[in-house]
Amino acid sequence: MIIVTGANGKLGRAVVEQLLDRVPAEQIGVSVRDPNQAQELQGRGVRVRRGDFDDAESLHRAFEGASQVLIVSAGIMGEAGIPHGIRQHQAAIDAAKQAGASQVLYTSHMGSSPTSPFAPMIHHAATEELLQASGMAFTSLRNGYYAASVLMLIG
Ligand SMILES: NC(=O)c1ccc[n+]([C@@H]2O[C@H](COP(=O)([O-])OP(=O)(O)OC[C@H]3O[C@@H](n4cnc5c(N)ncnc54)[C@H](OP(=O)(O)O)[C@@H]3O)[C@@H](O)[C@H]2O)c1
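Residues numbered from 1 in each chain as written. Predicted model: local features only at pLDDT ≥ 70, side-chain atom pairs only at ≥ 80, totals over all residues. Heavy atoms only, no water.

A.B. asks: Describe in detail the pairing of strand β6 (residues 137-143), supporting the description with residues and values.
C.D. replies: The pairing of strand β5 (residues 103-109) with β6 spans seven bridges and is parallel. Residue pairing across strands places Ser 108 opposite Arg 142, the latter belonging to β6. Regarding topology, helix α5 (residues 119-134) serves as the crossover connection from β5 to the parallel β6, and that connection is right-handed. (Pairing = 2+ DSSP bridges. Helix = DSSP H or I, 4+ residues; strand = E, 2+ residues; numbered from the N terminus. Right-handed = clockwise from strand over helix to strand, strands pointing away.)

Set out below in structure tokens:
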């Protein structure tokens, strides 16, 4: 089963829509903080379970039976948020490993670096190190800047 986190968010939901065009719905599971917001997916045959990066138990249940997991990064606010953000991603990586996933995909960012002056890049770099240490096969998707963010910044 392919598990997608953040499937109530913009990127995660778009990924699930693309997956539904390619694989049977029963092979897709979403790990979301609010299952009510994913009822429409459930109605289409997608497995919906609550999964919160701050609640390891919920992740173990949401990732059950995973063959591949897409971890959509949780954003952080400034440098102060980095330690918490790293703990959150560690919990997701641990849950993927415990579930027996053979591959993890992670939404990183181009410019991911421990020495970046931009806090999210330090968070991404730290997560990539955790993935490396996990021993699982992983793909770090070093995405460029989302156009949607530009609209947000413009106001
Ligand atoms: N490359 C870029 O330019 C760029 C720009 C913006 C963001 N990003 C990164 O890409 C990610 C996805 O972007 P997006 O536009 O899809 O953002 P989004 O719509 O805000 O989606 C983020 C998702 O992360 C989930 N999430 C947050 N905290 C979580 C937690 N504790 N446990 C589990 N899930 C949690 C949210 O869950 P809920 O639905 O329950 O809130 C949401 O579904 C962002 O989170 C951020 O890390 C990249």
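A.B. asks: Can you break down the packing of helix α4 (residues 82-99) against α5 residue by residue, with the values?
C.D. replies: For the pair α4 and α5, the least separation of the axes is 10 Å and the interaxial angle reads 30°. On the basis of their axis angle, the class for α4 and α5 is roughly parallel. The chirality of how α4 crosses α5 is right-handed. Taken together, the residues of α5 that come into contact with α4 (itself represented by Ile 82, Gly 85, Ile 86, His 89, Gln 90, Ile 93 and Lys 97) are Ala 119, Ile 122, His 123, Ala 126, Thr 127, Leu 130, Leu 131 and Ser 134. (Axes fitted to C-alpha atoms, helices over the stretch in contact; angles between N-to-C directions. Parallel < 35°, antiparallel > 145°, perpendicular 65-115°, else oblique. Left-handed = near helix turned anticlockwise from the far one by under 90°. Contact = heavy atoms within 4.5 Å.)

A.B. asks: Describe the pairing of strand β2 (residues 28-32), and please don't skip the residues or the numbers.
C.D. replies: Counting buried positions along β2 yields five of five residues, so the element is predominantly enclosed. Burial along β2 is two-sided: Ile 28, Val 30 and Val 32 facing one way and Gly 29 and Ser 31 facing the other are all buried. Here strand β1 (residues 2-5) runs beside β2; their pairing, made up of four bridges, is parallel. Among the inter-strand pairings, Ile 3 is bridged to a residue of β2, identified as Gly 29. For β2 and strand β3 (residues 47-50), the ladder comprises four bridges, and the chain directions are parallel. Opposite Val 30, over in β3, you have Val 48 as the bridge partner. (Buried < 20%, exposed > 50% of the residue type's maximum accessible area, 1.4 Å probe, protein only.)

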